[in-house]
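Okay, here's what each chain looks like letter by letter:
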There are 2 protein chains.
Amino acid sequence: MLKGYDFKAGKNPYKQFKTKELGERLSRAQRLINNLNIPVLIIVDGWESSGKGFVIKDLVKELNPKHFKVSVFENPTEDENKRPFLWRFWNKLPKKGDIAIYDRSFYFNVFNDLSLTGEALDKDIRDISSIEKLLLDDDTIIIKFFLHQKEKTQQKRIDKLKEDEDRSFMISERDEEQYENYGDYLNHFDTVLNKSDFTFSKWHVVSSENKKDASDNILGMTIDLIHEGIDRIMGMKNGGLRKELRDYSPQEKPLEKVNLKLELDDEEYDKLKDDLQMEAQRLSFRLYTNGIPTVMVFEGVDASGKGGAIERLTREMDPRGYEVLTTAAPSEDEKAHHYLWRFYKDFPQKGDMKIFDRSWYGRVMVERVEQFADMEEWDRAYNEINEMEQHLHNFNTLILKFFIYIDKEEQLRRFKSRETEPDKVFKLTDEDWRNREKWTDYIEAMNEMLVRTDTDYAPWTIVEGQQKKYARIKVLQTFIEQAGKILDETT
Amino acid sequence: MLKGYDFKAGKNPYKQFKTKELGERLSRAQRLINNLNIPVLIIVDGWESSGKGFVIKDLVKELNPKHFKVSVFENPTEDENKRPFLWRFWNKLPKKGDIAIYDRSFYFNVFNDLSLTGEALDKDIRDISSIEKLLLDDDTIIIKFFLHQKEKTQQKRIDKLKEDEDRSFMISERDEEQYENYGDYLNHFDTVLNKSDFTFSKWHVVSSENKKDASDNILGMTIDLIHEGIDRIMGMKNGGLRKELRDYSPQEKPLEKVNLKLELDDEEYDKLKDDLQMEAQRLSFRLYTNGIPTVMVFEGVDASGKGGAIERLTREMDPRGYEVLTTAAPSEDEKAHHYLWRFYKDFPQKGDMKIFDRSWYGRVMVERVEQFADMEEWDRAYNEINEMEQHLHNFNTLILKFFIYIDKEEQLRRFKSRETEPDKVFKLTDEDWRNREKWTDYIEAMNEMLVRTDTDYAPWTIVEGQQKKYARIKVLQTFIEQAGKILDETT
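About the thresholds
Residues numbered from 1 in each chain as written. Chains lettered and ligands numbered in written order. Predicted model: local features only at pLDDT ≥ 70, side-chain atom pairs only at ≥ 80, totals over all residues. Heavy atoms only, no water. Contact = heavy atoms within 4.5 Å. Buried area = accessible area lost by both parts, 1.4 Å probe. Salt bridge = Lys/Arg side-chain N within 4 Å of Asp/Glu carboxyl O. Pairing = 2+ DSSP bridges. Helix = DSSP H or I, 4+ residues; strand = E, 2+ residues; numbered from the N terminus. Axes fitted to C-alpha atoms, helices over the stretch in contact; angles between N-to-C directions. Left-handed = near helix turned anticlockwise from the far one by under 90°. Nonpolar A, V, L, I, M, F, W, Y, C, P; charged D, E, K, R; others polar. Buried < 20%, exposed > 50% of the residue type's maximum accessible area, 1.4 Å probe, protein only. Polar contact = N/O pair within 3.5 Å; in protein donor to acceptor, adjacent residues only side chain to side chain. Domains from an automatic or database assignment. Arc of directions from axis to C-beta. Least-squares fit on C-alpha atoms with pLDDT ≥ 70 in both. UniProt positions renumbered as here; feature names shortened; annotations may be inferred. Expected span 1.5 Å × (residues − 1). Bend = angle between axes of the 7 residues up to and from the residue. Phe/Tyr/Trp six-rings, centres within 6.5 Å; stacked < 30°, edge-to-face > 60°. Lys NZ or Arg CZ within 6 Å of the ring centre and 35° of its normal.

- The name given to chain A in an unreviewed UniProt entry is Polyphosphate:AMP phosphotransferase, with the source organism recorded as Alkalibacterium olivapovliticus.

**A few points about the interface of chain B and chain A**
- Residue-level contacts link 43 residues of chain B with 43 residues of chain A.
- Roughly 4,100 Å² of surface becomes buried between chain B and chain A when both sides are summed, with 56% attributable to carbon and sulfur atoms.
- When residues of chain B are sorted by the area they lose upon contact with chain A, K57, P319 and R320 of chain B head the list and together hold 15% of the total.
- Applying the counting criterion to the chain B and chain A interface returns 8 salt bridges.
- We note a salt bridge from R320 of chain A to D103 of chain B, for which the minimum N-O separation is 2.5 Å.

**A word on the sheet that holds strand 10 (residues 460-464) of chain A**
Residue and element names in this part refer to chain A.
- Spatially, the 5 strands line up as an open sheet ordered 7-8-6-9-10, and their pairing is parallel. Edge positions in the sheet fall to strand 7 (322-326) and strand 10, since each has one partner strand and no second. Neighbouring strand axes in the sheet, compared pairwise and without regard to direction, differ in orientation by 20° on average.
- Judged from the 5 bridges that link them, strand 6 (residues 294-300) and strand 8 (residues 353-357) form a sheet pairing that is parallel.

**So, the packing of helix 5 (residues 118-137) of chain A against helix 15 (residues 375-394) of chain A**
All names here are of chain A.
- Closest axis-to-axis distance for the helix 5/helix 15 pair is 10 Å, and the angle between their directions is 145°. For the pair helix 5 and helix 15, the sense of crossing is left-handed. Contacts between helix 5 and helix 15 involve K123, D127, S130, L134 and D137 from the former and R380, E384, E387, H391 and N394 from the latter.
- Residues of the contact of helix 5 with helix 15, tallied by class, amount to 1 nonpolar, 3 polar and 6 charged.

**What to know about the side chain of R363 of chain A**
All names here are of chain A.
- Mapped onto the elements of the fold, R363 is located in the loop between strand 8 and helix 14 (366-369).
- Given a relative accessible area of 9%, R363 falls into the buried group.
- A polar side-chain atom of R363 sits 3.0 Å from a polar atom in the side chain of E367.
- Apart from residues lying up to four places away in sequence, R363 is in contact with Y339, R368, A373, E377, W378 and A381.

**Things to note about the pairing of strand 5 (residues 203-207) of chain A**
- With respect to burial, strand 5 of chain A is a largely interior element, 5 of its 5 residues being buried.
- Of the two faces of strand 5 of chain A, both are covered, the one formed by W203, V205 and S207 of chain A as well as the one formed by H204 and V206 of chain A.

**A few points about the domain arrangement of chain A**
Residue and element names in this part refer to chain A.
- Along its sequence, chain A is carved into domain 1 (19-237) and domain 2 (254-490).
- For domain 1 and domain 2, the distance between their C-alpha centres works out to 38 Å.
- Counting residues at the interface gives 20 residues for domain 1, matched by 20 residues for domain 2.
- Here domain 1 and domain 2 share an interface that buries about 2,100 Å² over both sides, 55% of which is from carbon and sulfur atoms.
- Among the salt bridges present, the one from R380 reaches D137, with a minimum N-O distance of 3.9 Å.
- Our count for the contact surface shared by domain 1 and domain 2 stands at 11 residue pairs in polar contact (both at pLDDT 80 or more).
- Listing elements by their share of the side of domain 1 that touches domain 2, those giving two or more residues are helix 3 (87-90) and helix 5.
- With 5 residues, helix 5 is the single largest residue contributor to the side of domain 1 that touches domain 2.
- A class-by-class count of the residues in the side of domain 1 that touches domain 2 yields 8 nonpolar, 3 polar and 9 charged.

**Things to note about helix 17 (residues 430-437) of chain A**
Residue and element names in this part refer to chain A.
- Within the sequence span of helix 17, burial applies to D432, N435 and R436. Within helix 17, the buried residues cover an arc of 105° as seen down the axis, which keeps them to one side. For helix 17, exposure combined with an orientation more than 90 degrees from the buried face picks out D430 and E437.
- Contact partners of the buried residues in helix 17: helix 16 (408-420) and helix 18 (439-452).

**Description of the relation of the copies chain B and chain A**
- Laying chain B over chain A is done by rotating through 180° and shifting 0.0 Å along the axis; what remains is an RMSD of 0.0 Å. The superposition of one copy onto the other is thereby described by a two-fold rotation axis.
- When the interface residues of chain B are mapped onto chain A, 100% of them again lie at the interface, so the same face is used by both copies.

**Notes on unusual backbone geometry**
Residue and element names in this part refer to chain B.
- Of note, the phi angle at A303 is positive, near 65°, even though the residue is not glycine.
- Under the relative-accessibility criterion, A303 is labelled buried at 9%.
- Despite not being glycine, Q371 has its phi angle at roughly 60°, a positive value.
- Of note, Q371 is situated in the loop between helix 14 (366-369) and helix 15 (375-394).

**Here's the deal with the UniProt feature "domain: Polyphosphate kinase-2-related" (unreviewed entry) in chain A**
Residue and element names in this part refer to chain A.
- UniProt annotation of "domain: Polyphosphate kinase-2-related" (unreviewed entry) refers to residues 17-224 and 264-483 when read in the numbering used here.
- Taken as a whole, residues 17-224 contains 50% helix and 14% strand, while its terminal C-alpha atoms sit 14 Å from one another.
- Regarding residues 264-483, the helix share stands at 53% and the strand share at 14%, and the terminal C-alpha atoms are separated by 24 Å.

**Points about the sheet that holds strand 9 (residues 398-405) of chain B**
All names here are of chain B.
- With respect to topology, 5 strands assemble into an open sheet ordered 7-8-6-9-10, the strand pairing being parallel. Of all the strands in the sheet, just strand 7 (322-326) and strand 10 (460-464) have a single pairing partner and so form its edges. Geometrically, the sheet is characterised by an average inter-axis angle of 20° between neighbouring strands, direction not taken into account.
- In this sheet, strand 9 lies alongside strand 6 (residues 294-300) in parallel orientation, the contact comprising 7 bridges. What sits directly across from M296, in strand 9, is L400.

**Details of the side chain of Q466 of chain A**
Residue and element names in this part refer to chain A.
- The residue Q466 is located in the loop between strand 10 and helix 19 (468-490) in this model.
- Side-chain polar atoms of Q466 contact the side chain of D407, separated by 3.0 Å.
- With near-sequence residues (within four places) excluded, Q466 lies in contact with L260, Y405, I406, D407, E410, R413 and R414.

**Notes on helix 10 (residues 266-289) of chain B**
- Helix length check: helix 10 of chain B (24 residues) gives 35 Å between terminal C-alpha atoms against 34 Å at 1.5 Å per residue, within 8%.
- By the largest-angle criterion, K273 of chain B marks the main kink of helix 10 of chain B, which is about 25°.
- Listing the buried residues of helix 10 of chain B in full gives Y269, L276, Q277, A280, Q281, L283, S284, F285 and L287 of chain B.
- Buried residues along helix 10 of chain B sit against helix 2 (52-60) of chain A together with strand 6, helix 11 (306-314), strand 8 (353-357), strand 9 and helix 19 (468-490) of chain B.
- Remark: G291 of chain B follows helix 10 of chain B within two positions and exhibits a positive phi of approximately 65°.

**Concerning the pattern of salt bridges**
- On inspection of all chains with the given rule, the structure shows 83 salt bridges over all chains.
- Between K20 of chain B and E62 of chain B there is a salt bridge whose closest N-O contact spans 3.7 Å. Here E62 of chain B lies in the loop between helix 2 (52-60) and strand 2 (68-72) and K20 of chain B lies in helix 1 (residues 19-36), a separation of 42 residues in the sequence.
- For K20 of chain B, a relative accessible area of 46% puts it in the partly exposed group.
- D58 of chain B serves as the salt-bridge partner of K61 of chain B, at 3.6 Å between the closest nitrogen and oxygen.
- The exposure class of K61 of chain B is partly exposed, given its relative accessible area of 23%.
- Residue classification places D58 of chain B among the buried residues on the basis of a relative accessible area of 11%.
- Here the salt bridges do not stand alone but share partners, grouping D45, E48, E74, R104 and R174 of chain A into one network.

**A closer look at the packing of aromatic side chains**
Residue and element names in this part refer to chain B.
- Summed over all chains, the structure comprises 62 aromatic pairs over all chains.
- Ring geometry for F198 versus F200: centroids 5.2 Å apart, planes at 10°, classification stacked.
- Its end group placed over the ring of W87, R83 keeps NZ or CZ at 4.0 Å from the ring centre.
- Positioned over the ring face of W378 is R368, at 4.1 Å from the centre of the ring.

Now the structure itself:
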């Protein structure tokens, strides 16, 4: 997209407007997307010293500061390097009705690292395409600009910056790098831009030879692209382009095959438990010292014993090394973001362990059954979840997903026992009884989930939960086996 | 508190109970504070290798993981060092009904730094006492433990750790330091403990010569102290100890002295504006390069022109260097924390600028007038706010507080003009009209606020807002003057 780029063509198609007029139009577009609750993400990437700051200043000049936010992405900090590379961008995504402007972007690493080519590059681009696709499907408007300039122009600009006392701090190592190796970067940028010019999210290369023109161009295009985006989204909401049918027919029903007779006698249990807990502790230390992040998911029918299994698993672990996160109904702020957003920010950094008691799988269980998400939304969620877990896996995360199953009669027994025990009665709510009435719907959703999100890199472990002791031992054993495996592979 | 400490006295007054029984009692206490919506903060500090991890493991063993969280504080990271030292602890405070356990604490810096003595130490302790007092006044239960051990015991423990393959990573530089200089640390810890053994928040020194005893001791004391705390809080809620009258009588009314005739003619304004905006830009770069954080607060009556003043102030600044934060009604999560919590997390790191469009001063204005806070709460807020701002000031933060004032007639004119202009009508809400009916109450609250929170380190600038142009220039000039001053002092 950069090679043979015509710097002269269509310099400024918006030149009949003053910059201020364009700004005011954008401000009206902002009010529109704010009223329609549509999030907008504008990426301003490009060469060093190509005027990203200049352009962004004009972009926001007339905007209502309550509803936009500029995020600058520099070299990742020490803390950020302990997370998958998309993590810091997830945290700055716009909420519904707001505009987020990224100075640099998801593409930070791939643009800067000339040595990133071939499969490694493709893998990162695939991760980026997943997040853009997922935001787009969630009715986000994404606009990607790349500011392009000639070699001579860049050199002139950097030289000028160097002479400016107030601004010389802005010259980074990257400026110097690009100054020396314009040709190499041109090739690399071109490759990356071509690979990431997705049909659903295109790049807009803008000449910054003249900054004022670049700025007007970007303002004008942003206004047009926001309106285009609104049309697309409103069209879909009115039934236009949404998929009407999903391409899945239930084949397998893993929960029908669960052997609920599996049991351990007390003696066996006592003999196993202490040793396994000590071994789990030992492995948790090794995961920590080897910098391996761990994500565990516990799902299951109500009263299947998730809490008890988590307690037994972590019994001997150092509480400073793990955290149990329970997933309740989303807050207002969480509802204003993509459904994965609230989980993303809790993902572990290297060496940490996060245990999710219920999780993002709510999207394809409770949100499906209670119709908080429509079919098109939960149908695509399987794939979104798989891609997110793959991104974690690419960062060498240990991912363990447990589904604990009990049958309907056992659930009733447990509900009744909770009703009568004073220390347990708080665990039983009206909602539990209501969910029970939808048992069949839940089982159908659970079966589909267990089939469609069972991947090589993040397989489900179905735990026979009828006898609590059996379930707890199986969880411990699975953790020990999988932790041992990833440690062997890593060390 | 450590010198002459009797390691033999009252070894374990809870020995009639099994650890598991104590754990279950604590778990019941947890349910109690959860039902009563009381936050609990447990600090476990002490010597290196004194068994903090061991103790914390027993503390949480029987707790419901949904309502406790363990936070470990190690040497501050690169990012954390860019903030005032209390910042990272604020972010981990318990929400109402939850228990937060800190492994190390606010005292991290003061305990570790042997060279911290005299006034510098007193200053830090004063900051810590403010936060403890403020949490206590907000009905938090704070429990502070210090694990103490003999020199020989510490050396034995560190030697043993060194031999343990799985755990040797736990030995830090601090262990080695204390190993070599037990006597110096003993003196220093003793000084710090004595200085921070506040009447309202005492230290509990616990011998860890025997870890099991230490653990039972801490479990038992925690249960007792939680019940004590509940009694105190419930007693106050029932009218017992709350102050009935505040010790303030309105003397001054700064808003009565505002000269609303001040104006600039168009020519003067145009002449001044551009130069001042460029100068503001230049200073904003210098604040950035000098690593000075900036906090600006904009308050004022409705329609006084806060937004417009912020826009003109930042017009030429790089939008990547500042952020405008608007303060709406608090979310559920924010309501479950201290009222300052949501602002604290947004405070700038070194070099950044955060502009608050409305702020923590809502506590003594809208919350007072609408009676969301009771008199005792807003009356003590003046002091809490002053102390928080002092903590920012101690970190060399540029603090600017603007209060823009217009009279009641001018407000009416602006409301009416908003009603008729299509681009402005969104700015006017029913709430604005309702607030207007309480004009006198608001003015009374504002006058008191302007008197009681006008400090040397964070003074108010009252801005005559009747003519927007005059107000905007005054804001620009004040910023330029104060930024220049802090830069002169710093560089």
